[in-house]
Amino acid sequence: MLVCNGAMFLTAATRVITMQHAWATVLLAIGQGINGLATTVTMSMPAAVSNTWFGLSERTTATAVSVLSAAMGGAAALLGPLTVDMPQMNNSIIMANQTDLAGIQQQMRHFNYETCGVTVLLLFCSVVYLPSKPEKAPSRTAHSERFGFTAGIRHIFKNPSMWLIAAMFALPIGFFGNWLSFLDVILNPFEIAQAEVGWISFYGSVCGVAGGILLGRFADMYKKKMKWILVALNIIVIADFGWFSCMCVNLLPYSKAAIYVSVIAGAAIVGAAGPLYLELGCETAYPVGEGMVAGFLGMVINFGSAVFLLVDQAYAQDTGWTNWALVGVYTAAVPILILFREKYTRVDIDIEAIDGDG
């Protein structure tokens, strides 16, 4: 965690050094690389923390709270347009003669200083107080021996079930994250301003946090039902994004309220499903450490993002393909999920330990 917060501070620091275009571009690229390192920690920590600190009946809920607290930070970032004005645009071209570029640059500078201050606070908190584990393990698997790094990587890469989880979760999430960043461009023809798009995405993230915590609690109450919960969520997501895509090409009636509902609902469900997939991966890969499983899934998410951006290079003038690509990746995930053979090794071990103690 110290490394993660230190990396985030360095990332934020690269943004406050200069606003000169040539140097800022280089520093931003370096900062994003450092931030990518921090992301692997934030991805890997939640499941490991929940298994170390929480018992069988609380584990999925704890993972959901940890994972989705990061989503709240992402939601806050979506409010950036409230602090930085949108330049006047003619399609994708900035109309410099009708835009206060100096004012926007000053707003960006203030925003960068504010985000840097937040990372300083987080780094300070992690230095002052960061316990590694509780005095007493909450479950048998919390203190069980795990594979080392090399053995764990080998086990994950040789496990077909882990690749199935990567295909039905990590790749679609990589697509979704990039699609969300394109949303202001996608909704521009409907005269929905960038600031308003930020609010739509914000509401979706907040609903995803609330829904994810409730789903985590539900999964803790009804153990070994994650697969079918996820099947139901995926079907809803396909219908929702299909509805949105059809509205964008006038196949279905359009209204601003319908756009709001479809985007918020889709973002909420996608966000809520994430912790369940992560826990399913940890169960499937056990006795590989939870952090290593999350790191693997994070790597595939980044790969999915890279594929999305690579395809976008060929369709730079048309964002319509992104809507149907999103429907496609989630549709492809459903049969994989139905055929997936779920395995709950950690749960079985902990239930056996509880029954033995009883």
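Just so it is clear, the model here is predicted, and its values are computed rather than measured.

The next thing to look at is the pattern of salt bridges. Throughout the structure, instances matching the rule amount to 9 salt bridges. Notably, a salt bridge pairs R346 with E283, separated by 3.3 Å at the nearest N-O pair. Linking R346 in helix 13 (residues 345-357) with E283 in helix 10 (residues 256-285), this pair joins segments that are 63 residues apart in sequence. Looking at R346, the relative accessible area reads 0%, which means it is buried. Its relative accessible area of 2% is what places E283 among the buried residues. Overlapping salt bridges, with partners in common, bring together R59, R146, E279, E283, E290, R346 and D350 in one network.

Using the criterion set out here, one finds 2 cavities of 30 Å³ or more in the structure. Looking at the largest cavity, its volume works out to about 110 Å³. Lining the largest cavity are 13 residues; nearest its centre among them are T60, D220, M226, E283 and V347. Only helix 3 (59-77), helix 8 (194-221) and helix 10 provide two or more residues apiece to the lining of the largest cavity. Of the residues contributing to the lining of the largest cavity, the split by class is 6 nonpolar, 1 polar and 6 charged. Volume-wise, the second largest cavity comes out at about 70 Å³. Contributing to the lining of the second largest cavity are M168, F169, I173, L233, N234, V237, I269, V270, A273, G274, Y277 and Y330. Sorting the residues of the lining of the second largest cavity by element identifies helix 6 (160-181), helix 9 (226-248) and helix 10 as the ones contributing at least two each. Here the element with the most residues in the lining of the second largest cavity is helix 10; it accounts for 5 residues. Within the lining of the second largest cavity, the residues separate by chemical class into 10 nonpolar, 2 polar and no charged.

Before going further, it helps to spend a moment on the packing of aromatic side chains. Inspection of the entire model under this criterion finds 17 aromatic pairs. Ring geometry for F157 versus F296: centroids 5.7 Å apart, planes at 70°, classification edge-to-face. Linking F157 in helix 5 (residues 149-157) with F296 in helix 11 (residues 290-314), this pair joins segments that are 139 residues apart in sequence. Judged by relative accessible area, F296 falls into the buried class, the value being 5%.

Before going further, it helps to spend a moment on the nonpolar core. In this structure, F176, W179, L187, F241, F244 and Y330 are the most contacted members of the largest nonpolar core, which totals 69 residues. When contributions to this core are tallied by element, the ones reaching two or more residues are helix 6, helix 7 (183-186), helix 8, helix 9, helix 10, helix 11 and helix 12 (320-339). Examining the composition of this core, we find that 15 residues originate from one element, helix 10, more than from any other.

Further remarks concern the packing of helix 10 against helix 11. Closest axis-to-axis distance for the helix 10/helix 11 pair is 9 Å, and the angle between their directions is 120°. When the interaxial angle is binned, helix 10 and helix 11 end up oblique. Handedness of the crossing formed by helix 10 with helix 11: right-handed. Taken together, the residues of helix 11 that come into contact with helix 10 (itself represented by L278, G281, C282 and A285) are E290, V293, A294 and L297.

Cis geometry marks the peptide bond from Y286 to P287, where omega comes out at 15°. By the element assignment, P287 lies in the loop between helix 10 and helix 11. For K224, which is not glycine, the phi dihedral falls at a positive 65°. Tracing the backbone through its elements, the reader meets K224 in the loop between helix 8 and helix 9. By relative accessible area, which is 37% here, K224 ends up partly exposed.

With respect to the helices and strands, L122 occurs in helix 4 (residues 101-128). Using a relative accessible area of 40% as the deciding quantity, one classes L122 as partly exposed. With 116 residues separating them in the primary sequence, L122 and G6 have C-alpha atoms 8.9 Å apart. The contact partners of L122, leaving out residues within four places of it in the chain, are N5 and M8.

With that settled, the discussion passes to the UniProt feature "transmembrane region" (unreviewed entry) in the chain. Here the UniProt feature "transmembrane region" (unreviewed entry) sits at residues 20-41, 62-82, 162-182, 197-216, 228-252, 258-280, 292-311 and 323-340. In residues 292-311, the share of helix is 100% and the share of strand is 0%. The end C-alpha atoms are 29 Å apart.

Moving on, we come to the packing of helix 6 against helix 10. As a packed pair, helix 6 and helix 10 sit with axes 10 Å apart at the nearest point and diverge in direction by 155°. Overall, the two elements helix 6 and helix 10 adopt an arrangement that is roughly antiparallel. Here helix 6 runs over helix 10; the crossing is left-handed. Together, S161, M162, I165, M168, F169, I173, F176 and W179 of helix 6 and V263, A267, V270, G274, Y277, L280, G281, T284 and A285 of helix 10 make up the contact between the two elements. In terms of residue class, the contact of helix 6 with helix 10 is built from 13 nonpolar, 4 polar and no charged.

Conventions used here
Residues numbered from 1 in each chain as written. Predicted model: local features only at pLDDT ≥ 70, side-chain atom pairs only at ≥ 80, totals over all residues. Heavy atoms only, no water. Salt bridge = Lys/Arg side-chain N within 4 Å of Asp/Glu carboxyl O. Helix = DSSP H or I, 4+ residues; strand = E, 2+ residues; numbered from the N terminus. Buried < 20%, exposed > 50% of the residue type's maximum accessible area, 1.4 Å probe, protein only. 1 Å grid on protein atoms, 1.4 Å probe; cavity = no way out; pocket = protein on both sides within 12 Å on 5 of 7 lines; lining within 4 Å. Points joined across faces, edges and corners; volume = space filled by probe spheres on them. Nonpolar A, V, L, I, M, F, W, Y, C, P; charged D, E, K, R; others polar. Phe/Tyr/Trp six-rings, centres within 6.5 Å; stacked < 30°, edge-to-face > 60°. Core = buried A, V, L, I, M, F, W, Y, C linked by side-chain atoms within 4.5 Å. Axes fitted to C-alpha atoms, helices over the stretch in contact; angles between N-to-C directions. Parallel < 35°, antiparallel > 145°, perpendicular 65-115°, else oblique. Left-handed = near helix turned anticlockwise from the far one by under 90°. Contact = heavy atoms within 4.5 Å. UniProt positions renumbered as here; feature names shortened; annotations may be inferred.

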